[in-house]
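Chain by chain, the residues:
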Amino acid sequence: MISIQNVEKSFTLHNQGAAVITVMSDANVEVTPGECVALAGASGAGKSTLMRMIYGNYLTQSGSIRVDGVEVVGANPRDVLDLRRTTLGYVSQFLRVVPRVPTLDVVAEPLLALGEDEGVARDKAATLLARLNIPERLWSLSPTTFSGGEQQRVNIARGFVHPYRALLLDEPTASLDAQNRETVMCLIEEAKARGAAIVGIFHDESARDRVCDRVLDVTSFLPKGDA
Amino acid sequence: MTLQNSSDAFRSEYTDHSAPHPLLRVVDIEKCYGQRIGCTGVNFDLYPGEVMGIVGESGSGKSTLLNCLAGHLEPDQGEVLFDTRDAGLVDTVTMAEPERRMLSRTDWAFVHQHARDGLRMSVSAGGNVGERLMAVGARHYGQIRDEAIDWLGRVEINETRIDDRPSAFSGGMQQRLQIARNLVTGPRLVFMDEPTGGLDVSVQARLLDLLRGLVRQMGLSAIIVTHDLAVVRLLADRLMVMKDGHVVETGLTDQVLDDPQHAYTQLLVSSVLQV
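Residues numbered from 1 in each chain as written. Chains lettered and ligands numbered in written order. Predicted model: local features only at pLDDT ≥ 70, side-chain atom pairs only at ≥ 80, totals over all residues.

A.B. asks: Mind showing me how you'd approach the interface of chain B and chain A here?
C.D. replies: Reports often express the size of an interface as the amount of accessible area lost when the parts come together. The interface of chain B with chain A comprises 23 residues on the first partner and 17 residues on the second. Top element by residues in the side of chain B that touches chain A is helix α8 (residues 201–218) of chain B. It accounts for six residues. Within the side of chain B that touches chain A, the residues separate by chemical class into eight nonpolar, six polar and nine charged. (Contact = placed C-beta atoms within 7 Å. Helix = DSSP H or I, 4+ residues; strand = E, 2+ residues; numbered from the N terminus. Nonpolar A, V, L, I, M, F, W, Y, C, P; charged D, E, K, R; others polar.)

Spelled out as C-alpha cells, the structure:
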C-alpha cells in the first residue's frame with residue numbers, strides 16, 4: 001500500500017552558503033494493508049521528514065514513493081491533492097485551520113471535499129467528536145482557542161472521519177489523558193481492521209507495542225559515513 | 001529543476017487526451033515595459049476547482065501577470081486559453097473585444113485590491129450587485145432584487161443596507177460587496193489582486209472563510225495574487241513564486257512553503273514573522 005524505494009533526501013540552504021545537507025539515503029520501506037509500522041530513532045533522525053515526504057509535503061530528490069500505486073516523487077500538485085483527498089490521511093501535531101470556522105465544520109471538511117452530503121458529513125463529524133470527548137458546547141466554536149489536548153483530538157477526528165486507506169500519524173497520543181488515549185488506540189485498531197496501512201511516530205512505548213506490527217529505526221537511513 | 005519538471009509535465013499533458021480539460025491554459029506569457037521586464041516565460045494550466053496563489057514582493061511582476069491573464073493588459077507575446085462554454089479552449093488575447101468583454105461579465109470575475117476600483121461608488125449596494133446581473137440580460141426587477149438580497153446575505157451584509165451606497169460601508173464591507181457583485185453571475189474563474197490587503201486581521205479571517213466556502217460550493221477556480229503567505233497557505237492549492245518578472249518556483253502550496261527549493265523562496269519563507 002505504501003512502498004518506499006531507494007529514497008534520498010537533502011536540503012540545500014541557499015542562504016547559508018548553499019550548504020547541502022543530505023539527511024536520508026537509500027531508504028526502503030514497505031507497508032501492507034492492515035499493517036502499522038512505527039518509525040523510531042532519536043530526535044532529528046528523520047522520522048518526521050520521511051512522513052512529510054510520503055505526504056508530498058517535502059520534495060524527494062530521488063527514488064520512488066508509491067501510495068496505492070500513485071507515484072508521489074515528481075507528481076503533479078493535482079495528483080498529490082487528489083491522493084490526499086481520497087486515500088492518504090495525515091494527523092500532524094499541529095492544527096492549521098481558517099480562523100472562525102466551527103470545530104464541527106473543521107472535522108467534516110475532508111468529507112465535504114469528497115462531495116459528501118453536508119448533513120451526513122456533520123453527523124459523522126459529531127459522532128467522532130463525541131467519541132473523543134469534545135464537549136458538544138464547543139462544536140460551534142473555532143478550535144483555535146482550544147487547549148493543546150483538545151486541538152489534538154480535533155486533529156485526530158479530522159484524520160479519522162474519512163476511512164483513508166493509508167494513514168500517517170505523528171505522535172497521535174502525545175498530550176492525551178488515559179481515556180482519550182484508549183479511544184485513539186481503538187480508532188487505530190479499527191483502521192487496521194478495515195485494511196488501512198499506517199505509518200506512525202509513537203514516543204509512547206506502550207501505545208507503540210499495542211498497535212504497531214513492527215518498528216523501523218530510521219537511523220539506518222542516515223547517509224553512510226554520518227551514521 | 002522544478003521548472004524543468006513542470007514544463008515536461010506540461011508538454012505531456014498536451015498529448016494526453018484522457019486527462020480532464022484545464023479551465024485556463026497559459027502559454028509563454030511575456031509583458032515588457034520598454035526595456036524593463038514585467039513578466040516573462042509564464043506557463044501553467046489551471047483546472048476546474050483549483051485555486052492558485054501567486055506570491056512575490058512588490059515589483060516582482062505578479063500584478064502585471066494577473067492583469068495580462070484577465071485581459072486588462074495586452075501581453076507582448078503568449079496565449080491565455082480559456083475553456084469557453086461554446087467553443088472549448090480559445091485564446092482570449094486575440095479574441096474580439098466584445099467577446100472578451102462578455103467573458104469578463106459572465107465566466108470571469110476580478111476582485112480588486114481596493115474595493116473602490118471594483119464598485120460603483122455612486123450606486124446603492126443592491127444596484128452594484130444587480131448591475132452585473134442586468135449586464136447578462138436579467139430584466140425582472142423583483143428577481144434581481146431578490147438575488148441581490150440573497151448575495152448580500154451570503155457575504156454577511158445585512159439586508160437593511162441594500163439601498164445604502166458603498167461609500168457608507170466600512171472597508172471590509174466594501175470588499176465583501178465587491179465579492180458579491182463579482183460572484184452573482186456564477187463565474188467559473190475569479191482573479192483576485194490582494195483580496196485581503198489593507199483589512200483588519202479579524203475581517204481578513206472572515207473573508208478567507210467566506211472565500212473558501214464559495215470556492216467549494218460553486219466549484220470556482222481562482223488565481224490569487226498576494227504577498228501574504230498565510231493567506232495562500234489557507235486558500236491556495238498551488239503556488240507560483242515570482243521574482244523580477246520570472247517564475248522561480250512552482251508546486252503544491254504546503255510543499256513550496258515547507259520545503260522551498262529556490263534561494264529566493266527560502267528567503268521569502270524565512271523572513272515571515274512567527275505569530
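A.B. asks: Got a minute to help me understand the domain arrangement of chain A in this structure?
C.D. replies: Residue and element names in this part refer to chain A. As far as domains go, chain A holds domain 1 (2–87 + 164–221) and domain 2 (97–155). Here the C-alpha centroids of domain 1 and domain 2 sit 24 Å apart. Contact residues are listed per partner, giving eight residues for domain 1 and nine residues for domain 2. Going through the elements one at a time, α2 (77–86) and α6 (178–193) are the ones with two or more residues in the side of domain 1 that touches domain 2. Element by element, the count of residues in the side of domain 1 that touches domain 2 is highest for α6, at three residues. Residue composition of the side of domain 1 that touches domain 2, by class: two nonpolar, five polar and one charged. (Domains from an automatic or database assignment.)

A.B. asks: Hey, could you run me through helix α5 (residues 148–160) of chain A in this one?
C.D. replies: The periodicity of an α-helix, 3.6 residues per turn, causes residues three or four positions apart to be oriented the same way. All names here are of chain A. Taking 1.5 Å of rise per residue, 13 residues should cover 18 Å, and α5 covers 19 Å from first to last C-alpha, within 8% of that figure. With 10 of its 13 residues buried, α5 lies for the most part within the structure. Restricting attention to buried positions, one finds in α5 the residues Glu-150, Gln-152, Arg-153, Val-154, Asn-155, Ile-156, Ala-157, Arg-158, Gly-159 and Phe-160. Considering only its buried residues, α5 is in contact with β6 (88–91), α3 (103–113), α4 (118–131), β7 (166–170) and α6. (Expected span 1.5 Å × (residues − 1). Buried ≥ 20, exposed ≤ 12 C-beta atoms within 10 Å, placed from the backbone.)

A.B. asks: Before we go on, may I ask you to explain the domain arrangement of chain B in this structure?
C.D. replies: All names here are of chain B. Segmenting chain B into domains produces domain 1 (2–107 + 189–270) and domain 2 (116–186). Averaged C-alpha coordinates put domain 1 and domain 2 at centres separated by 26 Å. The partner domain 2 presents 12 residues to the 12 residues of domain 1 that form the contact. Of the residues belonging to the side of domain 1 that touches domain 2, the class tally is eight nonpolar, two polar and two charged.

A.B. asks: Looking at this structure, how should I read the confidence of the model for chain B?
C.D. replies: Close reading of the predicted structure is inappropriate where its pLDDT is low. All names here are of chain B. On average, chain B scores 86 in pLDDT, and the residues at 70 or more come to 92%. When the criterion is pLDDT under 50, residues 1–18 qualifies, and its contacts beyond four places in sequence or with other chains add up to 14 contacts. For this predicted complex, the interface confidence score (ipTM) comes to 0.89, while the overall pTM stands at 0.87. (pLDDT = per-residue confidence, 0-100.)

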